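Survey of secondary and tertiary structure
Listed below, chain by chain, are the residues.
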Amino acid sequence: MRNYDRVNPRKPEGIEKKKAYIVGGGIAGLSAAAFLVRDAHMPGENITVYDQLPVFGGSMDACGNAETGYISRGERELEPYMECLWDLFSTIPSIYEEGRTVLDETRESNQQLEINSAHRLWEKDFVPHDETDMGITPKVQSQMLKMLMISEEEIEDVTIDEWFDKSFFESNLWYYWAAMLAFQPYQSLIEMKRYAIRFMHQLHLIKSLKQILRTKYDQYHSLILPLQKYLADNGVQFVADTTVTDMDIEIDGKNKTVKALMLLHNGEESVQKVGEEDMVFFTNGSMTQNSTRGSMTEAPVMNMNQENKGCFTLWEKLAAKSEDFGHPEKFAFDPMKTNFVSTTITIKDYPFLMKYLSEKDGNVTGSGGVKTFVHSPWYISYNAPIQPVDPNQPENVQVLWLYGLHSNEIGECVKKPMTECSGEEVLKEFCYWCGLEDKYEEIKEHCIAIPTVMPYITSQFMPRGLKDRPLIIPEGSKNLAFIGQFVELPGDVVFTVETSVRTAMTAVYRMTHLDRPVDPLFQGQYDIRMLKAGVLTMTGKESLELKDFPKINPLEIKSTLQSIKKLFDDIPDVPAAYSERWENQ
């Protein structure tokens, strides 16, 4: 967004008489509430946020303490070009330092200690895996180029392993990709294509993770709590422990109007009527839905219940009312394919472990990003974040986070799937790969490892068609908008905080007809410097000759040129780009 566009839009006529009902209190729902308050000038008391959990924040949660163990289900990789995210948090006050914003403290934290991984891929006992190049063959390079050029309509429901040669899945590029983004070979090629384009500017930094950002503390304390306080200070109503079980939607031809929300709270049902001028914002899927937690001595029991999947179940009910609401069955249907296990390890009075990891992996604690043991059956990746993770964390306590992407596989030391392991067993397998099996009993005495299994954590990546996700505002919808990770947003990716905030911003601006453009997507793929850096990274060369470029079958030249033409046709002219951004709101 140009600074010229950073306007304070006029209050929409009659906004003070309208109400907003937000279903889902994760980052998407809270962001929608914030944009309603900040930009649409809606009184906070007219906004109600519902969540089925006792706390708000959705997947961006964190809890616990030094005595019972800290818990965080996930770590988020942020970057400077998440425009909607930073637009929002540039105006949310810090709760830790008066006169500062969340963006201020986040930027300052990253300036003080930059992520710059010395080495990301490891064999057992911290033997360095060869990271000399990406390991991409000319055949895979050609397949990658073709993927970038082909239209999404031609690869609906195509999986990554149906497209790429099997050698790709033994390359360093795939190891980096899978560890960072949690992709599986049987997941969507459309999603991989979008990531390759959206983050092309990061490809040459994928080994070092430079420009990957983190918050000052974990994301719950750094993003959710300040945002929730801002909303509460503005009068927004929060209703916890409440499930929206259905919506009464009046359908008249293509027109669709929500008339009421069916609520369930402490076993009691109630109805919240919705006026035609009111607005409903629905987070129609959650990556952490039906998560279950274990303990140091007990394994989590994966929730396989297909009848009660929270927001997914509500989405299924809406999808049964209209095709325009998408196809949730394409995403949340097989927990065995979409799960992984994360584990938070609280270390007390034992600085040896973090010091050992720092010495072995070559990074000061907090500067390394995600590190991966590439041949561990669970595909273990760990992150030693900047300390403290929790603002109340004592100085004698440190927190470590790890996850196993292949949680269904049998461990090499602990002969069980990670999904069936207690915290002790996860810690033991981790120590084994770190070369610390002889010190495991000593380490265990100082650690509390709490595993969490998330049945749908990668469900947004499952193979799909272009109409399987609903549009932010489906055709004919009068007062219902979809937000979050399971919404169709052309050109953008899922599994990012930015996606949640962008869908919320778009939904609010369109529903209230604000005269303020949504922050445009960063499009580094059109920067020739980014393209050059990416090609050099893919080929492992310092400079290129013509023979280094992927060879194209003469029979495919015409279609390739047509794809290139389409790519350039899709780039708007400069004057049009300036005016169309208003029209496309």
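Quick summary incoming for the structure in this document. (Residues numbered from 1 in each chain as written. Predicted model: local features only at pLDDT ≥ 70, side-chain atom pairs only at ≥ 80, totals over all residues. Heavy atoms only, no water.)

Describing the pairing of strand β2 (residues 47-50)
In β2, alternate side chains face the same way, and those of I47 and V49 on one face and T48 and Y50 on the other are all buried. In terms of strand pairing, strand β1 (residues 20-23) meets β2 through four bridges, oriented parallel. Residue pairing for β2: A20 is matched across the bridge by I47. For the crossover from β1 across helix α1 (residues 27-38) to β2, the handedness is right-handed. By the bridge criterion, three bridges tie β2 to strand β6 (residues 237-239) in an arrangement that is parallel. Residue V49 lies in a different strand from β6, and its bridge partner there is F238. (Buried < 20%, exposed > 50% of the residue type's maximum accessible area, 1.4 Å probe, protein only. Helix = DSSP H or I, 4+ residues; strand = E, 2+ residues; numbered from the N terminus. Pairing = 2+ DSSP bridges. Right-handed = clockwise from strand over helix to strand, strands pointing away.)

Some words on the pairing of strand β10 (residues 279-283)
Side chains on a regular strand alternate between the two faces of the sheet. In terms of burial, β10 is a largely internal element, five of the five residues being buried. Where burial is concerned, the two faces of β10 agree: the one with M279, F281 and T283 and the one with V280 and F282 are both buried. Here β1 runs beside β10; their pairing, made up of four bridges, is parallel. Across the sheet, residue I22 finds its bridge partner in β10, namely F281. Sheet topology note: the β10/strand β17 (residues 480-483) ladder contains four bridges and is parallel.

Quick word on the packing of α1 against helix α14 (residues 497-512)
The description of two helices packed together rests on the angle between their axes and the distance between the axes. Taken N-terminus to C-terminus, the directions of α1 and α14 make an angle of 40 degrees; their axes are 8 Å apart at the nearest point. Looking at the two axes, α1 sits oblique to α14. As α1 packs across α14, the resulting crossing turns out to be right-handed. In this structure, α1 uses I27, A28, S31, A32, F35, L36 and R38 to contact α14, whose residues at the interface are V497, S500, V501, A504, M505, V508, Y509 and T512. (Axes fitted to C-alpha atoms, helices over the stretch in contact; angles between N-to-C directions. Parallel < 35°, antiparallel > 145°, perpendicular 65-115°, else oblique. Left-handed = near helix turned anticlockwise from the far one by under 90°. Contact = heavy atoms within 4.5 Å.)

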